[in-house]
4 protein chains.
Amino acid sequence: MAHGAVSKVVLAYSGGLDTSVILKWLQEEYGCEVVTFTADIGQGEELEPARAKAQAAGVKEIFIEDLREEFVRDFVFPMFRANTLYEGEYLLGTSIARPLIGKRLIEIAALTGADAIAHGATGKGNDQVRFELTAYALNPDIKIIAPWREWDLLSREKLMDYAAQHGIAVEMKRDGTKSPYSMDANLLHISYEGYDLEDPWVEPSQEMWRWSVAPEDAPDQATLIELTFEQGDCVAIDGTRLTPAAVLAELNRLGGANGIGRSDIVENRYVGMKSRGCYETPGGTILLKAHRAMESLTLDREAAHLKDELMPRYASLVYNGYWFAPERTMLQAAIDATQEVVNGVVRLRLYKGNVMVVGRKSEHNSLFDASIATFEEDAGAYDQADATGFIRLNALRLRVARRLRG
Amino acid sequence: MAHGAVSKVVLAYSGGLDTSVILKWLQEEYGCEVVTFTADIGQGEELEPARAKAQAAGVKEIFIEDLREEFVRDFVFPMFRANTLYEGEYLLGTSIARPLIGKRLIEIAALTGADAIAHGATGKGNDQVRFELTAYALNPDIKIIAPWREWDLLSREKLMDYAAQHGIAVEMKRDGTKSPYSMDANLLHISYEGYDLEDPWVEPSQEMWRWSVAPEDAPDQATLIELTFEQGDCVAIDGTRLTPAAVLAELNRLGGANGIGRSDIVENRYVGMKSRGCYETPGGTILLKAHRAMESLTLDREAAHLKDELMPRYASLVYNGYWFAPERTMLQAAIDATQEVVNGVVRLRLYKGNVMVVGRKSEHNSLFDASIATFEEDAGAYDQADATGFIRLNALRLRVARRLRG
Amino acid sequence: MAHGAVSKVVLAYSGGLDTSVILKWLQEEYGCEVVTFTADIGQGEELEPARAKAQAAGVKEIFIEDLREEFVRDFVFPMFRANTLYEGEYLLGTSIARPLIGKRLIEIAALTGADAIAHGATGKGNDQVRFELTAYALNPDIKIIAPWREWDLLSREKLMDYAAQHGIAVEMKRDGTKSPYSMDANLLHISYEGYDLEDPWVEPSQEMWRWSVAPEDAPDQATLIELTFEQGDCVAIDGTRLTPAAVLAELNRLGGANGIGRSDIVENRYVGMKSRGCYETPGGTILLKAHRAMESLTLDREAAHLKDELMPRYASLVYNGYWFAPERTMLQAAIDATQEVVNGVVRLRLYKGNVMVVGRKSEHNSLFDASIATFEEDAGAYDQADATGFIRLNALRLRVARRLRG
Amino acid sequence: MAHGAVSKVVLAYSGGLDTSVILKWLQEEYGCEVVTFTADIGQGEELEPARAKAQAAGVKEIFIEDLREEFVRDFVFPMFRANTLYEGEYLLGTSIARPLIGKRLIEIAALTGADAIAHGATGKGNDQVRFELTAYALNPDIKIIAPWREWDLLSREKLMDYAAQHGIAVEMKRDGTKSPYSMDANLLHISYEGYDLEDPWVEPSQEMWRWSVAPEDAPDQATLIELTFEQGDCVAIDGTRLTPAAVLAELNRLGGANGIGRSDIVENRYVGMKSRGCYETPGGTILLKAHRAMESLTLDREAAHLKDELMPRYASLVYNGYWFAPERTMLQAAIDATQEVVNGVVRLRLYKGNVMVVGRKSEHNSLFDASIATFEEDAGAYDQADATGFIRLNALRLRVARRLRG
């Protein structure tokens, strides 16, 4: 098998079976030095085992980094300012983490003098696109190795055989079980694909879900919380200021305990196929609802409507991997220009899968003017007669057109 | 008080206090003949009392009509094909009924030779706009009388005084209570405004809600249902074919019993102010979720994304009263052109406020191809190597741009 | 006639017949003090006569200001960054000047302690909306007097009579003629409405046009010019740096001499009617063409396409008077975020009404890579095999869909 | 060289050097039977030489078809209903012809039992994408051979050598010259790429242009024409009804003679690079201007604005080759829903490169109501007082927001 010449490659390395096989395969097939990069983005796994494994595989440059704050502050929060939902349902938990990983791969390649990066995403999915668009956008000359598109280890059996032949340990999950699903997790969500989900008529078993209790198993008592927003970002829960990552972690805890954030969808991948995915996004589900409520009080109508019209495109850009593209920057500029006034507090009731907004207030930015909206007499704040002219001029074009039709 | 000359006016008449006062006021102030029009659009009130009252007030031409099927078939269902949500939350229950009422007012004016119509909507709300844009769009020369914008009976006390002076009966609701809220109901929803809702920080009392139990009071056992779609419309529940109105009525029953469809929002009115509204839309909430799921399996990705981008504008058009406007027709044509393939069955779990999609299938129109999407070997259905070229050409512009920045 | 109490009003005053009558009428009807504001925005008329007339009418506070640089720098140039065209044809010459006038009216009201402003726009046009939306957006409590919507001087005769009765001089234009058209001029354009234009089948006479020669009368020799752009704005002509206003003035001279920039259209007014307008926008016509050409070389494809999709809405916002609205700010943020790289030189041929781009270059920002685009062998800059995968994945959804249809 | 097994292939065959080499190459490399398909879409070349050459090459099934009417009626006219311009400049002359060719290739494959199609487009351009997306959308199992992406004949010299070795005649153009440009022509346009155009700062020589005289060489006398539109399509010139193809041919003649329709642009290809193209589209340039003018009189404002907002996306779809995709169908449905009323006559002045609209009328569909728009007294057709309420309610949200900012 002939590959282009590569002298050093930075591998996105989890320490799991797949990327351990890839590490070995890169060393063997490319005969190059491998740098490993392992990030904590809140997936809930210990990272030190990855260090030990990398050392055991002869890796000299090992990067292990806690990126949780950067992840939430610079990726998750900006995305939530747009109320982003892909295809009406998906909160983009996996999508939004990929550009951060891709960016660090390129930065580490620069630091270590590597001429290539590698990742463990398959040739059928969106993640390969997200990693590689990011990489090319930040270093146009980088070489990218995507073993799943190159090798012939295309079934689980072949991969296990390769691992066995090369003495790569295949470990069970910490909890002693092995999920049959393909999963991905970070501070925003955990996802499940494959196995029995490949029939979209089949409901997944309750055992699949890992982050949240079933609504049926959630407390019988609702939990009331208050989220404080500043310039569109949630900065405090029940009055306690928290860092971005801590906000999301705490919302995950609250949401998971109340059966919130499960989603079971068929989605359209950028590479052209439909796929079934199940997601748990407890904190994100709460955050989306709360952010919309905060905006409902503080944001101008037309700005809000324009945001709603731009959102699906923004969501597609993030889903498709175009975080570091000029059109995403352009939309972000528009979105961020609206958030200065999105300040205040939203009160929520969490109960067995439901997130209910039950109050919202803003000391300095509420555009809700009870003196105008009131059903009682308003002391002249609003002149009802104005509505006549408003309607008549808005109707003018319709009237002229109807006259023609006789 | 001087008004333009009107000889006969068709009044949208509910039989309640407000429109009974208006009936009298029109007779007195305009000295004209009044025709009453009362429609059953599923608001859940008997109509015959309206007839008796109109007769008692000397009305000679009384129109009482059951418009429930037309309402759901020609207004609600087309709107749901677009997955319509105003400002991310509101299912447009009131908005979508107004053009139907407006249309019948104009048709009855033509039938009876009336030169004017009248309605009981205030000068602060959206409904006046919706009625009047509809009316002008269908009869450009119609005269429109909106008493709330003309008279001085602007408080509840003055209205009661006028009623007392003119012998107009002020009745309690059928259940003996009088809600302090301004309400509107039809087959799609019931809405609440005013009173303590005028402070957006205050949670409404549980007594306010009328159509649904609280999630806390819903059954501990989930209800599983299957909805059958044909060309984007729901035509059967659990395999039983139903008329459009019967579909919605049954979904309301199912949703209401399971605590589904409550919503508490601050919305932006077309006349320029923010207002607080609470809504119960049990059937509509189920229908929206199910329709999206049916589309997720059967609709092309780009058609679905384009629908998502157009939806907020479509929603604004419906909210603002532009049902009978060329731009709504234009968007409807685009939306309807996609729905021929939206056929199949969606399986849903209803539980304490949650609507969970747990399965979807389509005999002839499923675009989900497990042989392509599978995580197992796919026998050549998809060539992973294709992804390399796909990514590289999509990245080309980003790479060229980065090179410039050095 | 009863009016609300006004103590001092700032009037947008041209010194012409209409606003002179308004000045008098305000003094008489409102019994209030009038402050006059006259701006040079490049309309090509001397302002000192306005001072003399205002003084003669007893005005104590007279503001006469040269706003040409602010007009082009802060209004015209930002708008041209968006390649703005209303309804595919109109360069928004009148629309873009109104927010500046409105802003100064409000600022002068603050300076002078006035509680009202007044303008000479009629109740049928767009300008009243533009002035007043600006005014309300900057001072929500300002009183606005629009005499044309209040008084009964609705015909030219009545106006002349009033002028005669009150000793207001009716002067001819400087050139001794009196145009039968309603005209408006500033550095960006001159417009014509009314008179024989009210029949859209009638071609206006050549005498109407004032700023440009007819293409037939332009030189037989083309004029070649080079425009230099920095961050999307034109900063130099043929290598000579000029201020924004000087750029536009010079382009007007060049365009006018070459028969460029005439336009004859039917447009849709915000108040609901269609109207016929003729415009001369010599410099703007050149600028639009040149800016697009500069972007074609330097702007990313997707950013450019998104700009094109947003432009019609941006144009409507400017046309409708929403310059000082959050949604315009939001769009401007998106547009401006793209212009940092729009640097370089565009070469144009001006000839008898034509503006032809014949060259464009950018030292640091050209995304045109001849080594990739070449029809000759490209030494590996582009791998043609990549196209296969690109096409196959883009086609995947279409193939799956077709298979279903058999 | 190993290729997949192909038994019979339909080749898009012009009879020129490139496709003659491809014909031979397919026979040799694939050892398969070749069917040739040559279409007259108005490129202005005789087709019978292609027949003779195909026969000489041993082709048994030769398809030569006149598709001009289908081309204009089913592709060009629907596209012009949308006022389609790619990137503000390009009339999509090449793009719109490709789906028709692709469709016929697939239909002929079905007729002849071929399992593959082949075309002569390179791997760098848009045309390969357009051909192949069309082919896959109509036959998901078709095999596609794109020799330029497969073979090693990547320079002109190698191609000439191959031709010489295989006895393929290399002919000059009919006029004895050989253009150095890569050209494409059909009834809508002729395009030029490559050679000295690869430097975007260089102006092409006058000799390049073939369909139009230079504006400088056009008649000194303007030509006046009247175009009649029915439902958005041009059906007559100066009152003479013509078929779609005849309309376009005659407009090409008129435009070309008057120096109309030249365009010199840098455009963004779908495959990711910028390229320079020059185009002559005389008839299309006239048609676009006229259609917009016809719509300006007959189309509702909001429908027109929505069309303008959707157009750039529609243009990209056509440019990128998605004619037979659901999202194009969806947009076409929206566009066509507006055109029923686009009836009437537009009067144009053609003069040395300029297309000037000088009149438009519509017997039954003009929405221009002079009685409303007039600057004279309008006898109550429009109540100026309505504007006050219109402005005040549109300003309400801006005023509330400003109050907050103090």
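Residues numbered from 1 in each chain as written. Chains lettered and ligands numbered in written order. Predicted model: local features only at pLDDT ≥ 70, side-chain atom pairs only at ≥ 80, totals over all residues. Heavy atoms only, no water.

Identification of chain A as Argininosuccinate synthase from Thiocapsa imhoffii is taken from an unreviewed UniProt entry. The UniProt entry for chain A carries the following comment under Pathway (unreviewed entry): "Amino-acid biosynthesis; L-arginine biosynthesis; L-arginine from L-ornithine and carbamoyl phosphate: step 2/3." Taken from UniProt, the Subcellular location (unreviewed entry) comment for chain A reads in full: "Cytoplasm". (UniProt positions renumbered as here; feature names shortened; annotations may be inferred.)

1. What about the overall build of chain A?
Along the backbone of chain A there are 13 helices and 14 strands. With respect to the principal axes defined by its C-alpha atoms, chain A has extents near 85 × 55 × 45 Å. Residues classed as buried in chain A amount to 65% of the 406 residues present. Surface exposure of chain A reaches about 14000 Å², of which carbon and sulfur atoms provide 49%. (Helix = DSSP H or I, 4+ residues; strand = E, 2+ residues; numbered from the N terminus. Buried < 20%, exposed > 50% of the residue type's maximum accessible area, 1.4 Å probe, protein only. Areas by Shrake-Rupley, 256 points an atom, 1.4 Å probe, with all protein chains shown as cover.)

2. Section: the relation of the copies chain B and chain C
Rotating chain B by 180° and translating it 0.0 Å along the rotation axis places it on chain C, where the RMSD comes to 0.0 Å. What we have between these two chains is a two-fold relation. Minimal C-alpha separation from the rotation axis in chain B is found for F390 of chain B, amounting to 1.8 Å. Looking at the interface residues of chain B, 100% of them are also at the interface in chain C, so both copies use one shared face. (Least-squares fit on C-alpha atoms with pLDDT ≥ 70 in both. Contact = heavy atoms within 4.5 Å.)

3. Comments concerning the domain arrangement of chain A
All names here are of chain A. Along its sequence, chain A is organised into domain 1 (8–67 + 94–165), domain 2 (182–299 + 342–361) and domain 3 (372–405). A separation of 29 Å is found between the C-alpha centroids of domain 1 and domain 2. Contacts between domain 1 and domain 2 engage 12 residues on the former and 13 residues on the latter. Summing both partners gives a buried area of about 930 Å² for domain 1 against domain 2, and 53% of it is carried by carbon and sulfur. The largest per-residue losses of area from domain 1 upon contact with domain 2 belong to T94, K124 and N126, which jointly make up 44% of the total buried on that side. If you look at where domain 1 meets domain 2, you find 1 salt bridge. With a shortest N-O distance of 3.3 Å, D184 and R98 are connected by a salt bridge. Applying the counting rule to domain 1 against domain 2 returns 6 residue pairs in polar contact (both at pLDDT 80 or more). Counting only elements with at least two residues in the side of domain 1 that touches domain 2, the list comes to α4 (93–112) and α5 (127–138). Looking at the side of domain 1 that touches domain 2 residue by residue, the class counts come to 4 nonpolar, 6 polar and 2 charged. (Domains from an automatic or database assignment. Buried area = accessible area lost by both parts, 1.4 Å probe. Salt bridge = Lys/Arg side-chain N within 4 Å of Asp/Glu carboxyl O. Polar contact = N/O pair within 3.5 Å; in protein donor to acceptor, adjacent residues only side chain to side chain. Nonpolar A, V, L, I, M, F, W, Y, C, P; charged D, E, K, R; others polar.)

4. Quick word on the UniProt feature "binding site: L-citrulline" (unreviewed entry) in chain A
Residue and element names in this part refer to chain A. In this numbering, the UniProt entry assigns the feature "binding site: L-citrulline" (unreviewed entry) to Y90, S95, N126, R130, S182, S191, E267 and Y279. Residue placement: S182 occurs in strand β6 (residues 182–185). Residue classification places S182 among the partly exposed positions, given a relative accessible area of 28%. With respect to the helices, strands and loops of the structure, Y279 is situated in strand β12 (residues 274–280). Y279 gets classed as buried once you look at its relative accessible area, which sits at 4%.

5. Quick word on the sheet that holds β6 of chain A
Ordered by their spatial adjacency, 4 strands build an open sheet running β6-β7-β12-β11 (chain A), and the pairing between neighbours is antiparallel. On the outer flanks of this sheet lie β6 and β11 (262–268) of chain A, each paired with one strand and no other. When the angles between neighbouring strand axes are averaged without regard to direction, this sheet yields 25°. Alignment of β6 of chain A against strand β7 (residues 190–193) of chain A, held across 4 bridges, turns out to be antiparallel. Along β7 of chain A, the bridge assignment pairs S182 of chain A with E193 of chain A. Running over the sheet, helix α9 (residues 282–298) of chain B touches β11 and β12 of chain A and is turned about 140° from β12 of chain A. (Pairing = 2+ DSSP bridges. Axes fitted to C-alpha atoms, helices over the stretch in contact; angles between N-to-C directions.)

6. Quick notes on unusual backbone geometry
With glycine set apart, most residues show a phi of negative sign, and most peptide bonds adopt trans. Residue and element names in this part refer to chain A. Even without being a glycine, Q231 presents a positive backbone phi close to 50°. Its location among the elements puts Q231 in the loop between β8 (223–230) and β9 (233–237). By relative accessible area, Q231 is classed as partly exposed at 48%.

7. Points about the pattern of salt bridges
What the rule picks out here adds up to 137 salt bridges over all chains. With a shortest N-O distance of 2.8 Å, R397 of chain B and D300 of chain C are connected by a salt bridge. Within this pair, whereas R397 of chain B is found in helix α13 (residues 386–405), its partner D300 of chain C is found in the loop between α9 (282–298) and α10 (301–320), the two belonging to separate chains. Via salt bridges that share partners, E65, E70, K103, R104 and E107 of chain A belong to a single interconnected network.

8. A short note on the interface of chain B and chain C
Taken together, the contacts link 22 residues of chain B with 22 residues of chain C. In this assembly, chain B packs against chain C so that about 2200 Å² is buried in total across both faces, 63% of it on carbon and sulfur atoms. The largest contributions to the chain B side of the interface with chain C come from D386, L393 and R397 of chain B, which together make up 26% of the buried area. Summed over the shared surface of chain B and chain C, the result is 4 salt bridges. Run the count over chain B and chain C and you get 4 residue pairs in polar contact (both at pLDDT 80 or more). Mapped onto the side of chain B that touches chain C, the elements with two or more residues apiece are α10 (301–320) and α13 of chain B. Tallying contributions element by element places α13 of chain B first for the side of chain B that touches chain C, with 12 residues.

9. Observations concerning the packing of helix α13 (residues 386–405) of chain A against helix α13 (residues 386–405) of chain D
Packed helices, taken two at a time, are described by the angle between their axes plus the distance between the axes. At a minimum axis distance of 6 Å, the contact between α13 of chain A and α13 of chain D shows a crossing angle of 95°. The angle between α13 of chain A and α13 of chain D falls in the class roughly perpendicular. Of the residues in α13 of chain D, those touching α13 of chain A at D386, A387, G389, F390, R392, L393 and N394 of chain A are D386, A387, G389, F390, R392, L393 and N394 of chain D. Here the contact of α13 of chain A with α13 of chain D is composed, by residue class, of 6 nonpolar, 4 polar and 4 charged. (Parallel < 35°, antiparallel > 145°, perpendicular 65-115°, else oblique.)

10. Concerning the UniProt feature "binding site: L-aspartate" (unreviewed entry) in chain A
Taken from the UniProt record, the annotation "binding site: L-aspartate" (unreviewed entry) applies to T122, N126 and D127 of chain A. Checked against the element boundaries, T122 of chain A lands in the loop between β4 (116–118) and α5. In this structure T122 of chain A comes out as partly exposed when scored by relative accessible area, which is 26%. Contact partners of T122 of chain A, with chain neighbours within four places excluded, come to Q128 and W148 of chain A together with Q384 of chain B. A polar side-chain atom of T122 of chain A sits 3.2 Å from the main-chain amide nitrogen of K124 of chain A. Its place among the elements puts N126 of chain A in the loop between β4 and α5.

11. Structural notes on helix α10 (residues 301–320) of chain D
Residues and elements named next belong to chain D. Its 20 residues place the ends of α10 29 Å apart at the C-alpha level, agreeing with the 28 Å of an ideal helix rising 1.5 Å per residue. By the largest-angle criterion, L310 marks the main kink of α10, which is about 40°, and a proline, P312, follows within four residues. Of all 20 residues making up α10, 19 are buried, and the element is well covered by its neighbours. Looking one or two residues beyond α10, the residue adopting positive phi is G321, at roughly 100°. (Expected span 1.5 Å × (residues − 1). Bend = angle between axes of the 7 residues up to and from the residue.)

12. Quick look at the packing of aromatic side chains
Evaluated as defined, the whole model comprises 54 aromatic pairs over all chains. Each ring, one from Y90 of chain D and one from Y279 of chain D, has its centre 4.3 Å from the other, and the planes form 25°; the classification is stacked. Here Y90 of chain D, found in the loop between α3 (68–81) and α4 (93–112), pairs with Y279 of chain D, found in strand β12 (residues 274–280); they are 189 residues apart in sequence, far enough to count as distant. Of the two residues, Y90 of chain D and Y279 of chain D, both sit in the buried class. Each member of the aromatic cluster is reached from another via a ring pair, and the members are Y270 and Y322 of chain A, F390 of chain B, F390 of chain C together with Y270 and Y322 of chain D. Taking NZ or CZ as reference, K361 of chain A lies 4.3 Å from the ring centre of W201 of chain B, over its face. Positioned above the aromatic ring of W323 of chain D, the side-chain terminus of R328 of chain D is 3.5 Å from the ring centre. (Phe/Tyr/Trp six-rings, centres within 6.5 Å; stacked < 30°, edge-to-face > 60°. Lys NZ or Arg CZ within 6 Å of the ring centre and 35° of its normal.)

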